[in-house]
Amino acid sequence: MNLPEWVETACDIAAAVCVLGAAVLAVAAGVGLLRFSDPLSRLHAATKPQILGLLLIIAAVALSDRSLLTLFALVPTFIMQTLTAPVAAHMIGRAAYRAGHIDTEHLSVDELAPAVEQSDHS
């Protein structure tokens, strides 16, 4: 399919903006991992920008290739990452909590303590 030249240019610029946005999110996640002190904050810094950054990269690839087939091939990658990243972060957070690496002073609500206490007594 032949698109007008201005549409091609607009797609290339949009793809470049998406890659730049993903790079900014990756840098922000890296800074958050280095700067934050406790595991829960680090998990937040690592998982939130990851999903949006992946979406931006997928959009950039789809805009650059200009093919629906490419977009449909990349959608399952985004879906699987969206489903698995929060679950992995949740499990890492629970493990850090049980290991005692969480700063409990700064927790406003500790909903996991009763469940951990109950499982320890069982």
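Residues numbered from 1 in each chain as written. Predicted model: local features only at pLDDT ≥ 70, side-chain atom pairs only at ≥ 80, totals over all residues. Heavy atoms only, no water.

I tried to follow helix H2 (residues 39-65) on my own but got confused; where do I start?
Note on helix geometry: an α-helix contains 3.6 residues per turn, so any two residues three or four positions apart are oriented the same way. Its 27 residues place the ends of H2 38 Å apart at the C-alpha level, agreeing with the 39 Å of an ideal helix rising 1.5 Å per residue. Of all the positions in H2, only Leu43, Ala45, Thr47, Pro49, Ile51, Gly53, Ile58, Ala60 and Ala62 are classed as buried. In the stretch just after H2, Arg66 is the one whose phi turns positive, near 55°. (Helix = DSSP H or I, 4+ residues; strand = E, 2+ residues; numbered from the N terminus. Expected span 1.5 Å × (residues − 1). Buried < 20%, exposed > 50% of the residue type's maximum accessible area, 1.4 Å probe, protein only.)

How do you make sense of the environment of Leu25 when you look at a structure like this?
The residue Leu25 is located in helix H1 (residues 5-35) in this model. Sequence separation of Leu25 and Gln50 is 25 residues, and the distance between their C-alpha atoms is 7.4 Å.

Would you explain the environment of Val19 in this entry?
Of note, Val19 is situated in helix H1. Using a relative accessible area of 41% as the deciding quantity, one classes Val19 as partly exposed. With 34 residues separating them in the primary sequence, Val19 and Gly53 have C-alpha atoms 8.3 Å apart. Ignoring sequence-local partners within four residues, the contact set of Val19 consists of Ile57 and Ala60. (Contact = heavy atoms within 4.5 Å.)

Can you walk me through the layout of surface pockets in this structure?
The gaps left among the atoms become clear once a water-sized probe is rolled over them. One number sums up the size of the largest pocket: a volume of about 340 Å³. Leu40, Ala89, His90, Gly93 and Arg94 are, among the 17 residues lining the largest pocket, the residues nearest its centre. Contributions of two or more residues to the lining of the largest pocket are made by H2 and helix H3 (68-99). Counting residues per element, the lining of the largest pocket draws most heavily on H3, which supplies seven residues. Of the residues belonging to the lining of the largest pocket, the class tally is nine nonpolar, four polar and four charged. (1 Å grid on protein atoms, 1.4 Å probe; cavity = no way out; pocket = protein on both sides within 12 Å on 5 of 7 lines; lining within 4 Å. Points joined across faces, edges and corners; volume = space filled by probe spheres on them. Nonpolar A, V, L, I, M, F, W, Y, C, P; charged D, E, K, R; others polar.)

Is there a simple way to think about the pattern of salt bridges in this case?
Between side chains of opposite charge, a pair can form when the charged atoms approach closely. Enumeration according to the criterion identifies two salt bridges in this entry. Note that Arg66 is salt-bridged to Glu8, the shortest N-O span being 3.4 Å. Here Glu8 lies in helix H1 and Arg66 lies in the loop between H2 and H3, a separation of 58 residues in the sequence. Look at Arg66 and you get partly exposed, because its relative accessible area is 28%. Arg66 serves as the salt-bridge partner of Asp12, at 2.6 Å between the closest nitrogen and oxygen. With a gap of 54 residues between them, Asp12 in helix H1 and Arg66 in the loop between H2 and H3 connect regions that are remote in the sequence. (Salt bridge = Lys/Arg side-chain N within 4 Å of Asp/Glu carboxyl O.)

Sorry, what's going on with the nonpolar core here?
Side chains of nonpolar character tend, in soluble globular proteins, to be buried together. Counting residues in hydrophobic clusters, the biggest one holds five residues: Ala96, Tyr97, Ile102, Leu112 and Val116. Elements that contribute at least two residues to this core include exactly H3 and helix H4 (112-121). Excluding its chain neighbours within four sequence positions, the residues that come into contact with Leu112 are Arg94 and Tyr97. (Core = buried A, V, L, I, M, F, W, Y, C linked by side-chain atoms within 4.5 Å.)

Would you mind showing me how to read H1 here?
Across its 31 residues, H1 extends 45 Å between first and last C-alpha, which sits within 8% of the 45 Å expected from 1.5 Å per residue. Buried within H1 are the following residues: Val7, Cys11, Ala15, Cys18, Ala22, Ala29 and Gly32. Along its buried surface, H1 packs onto H2.

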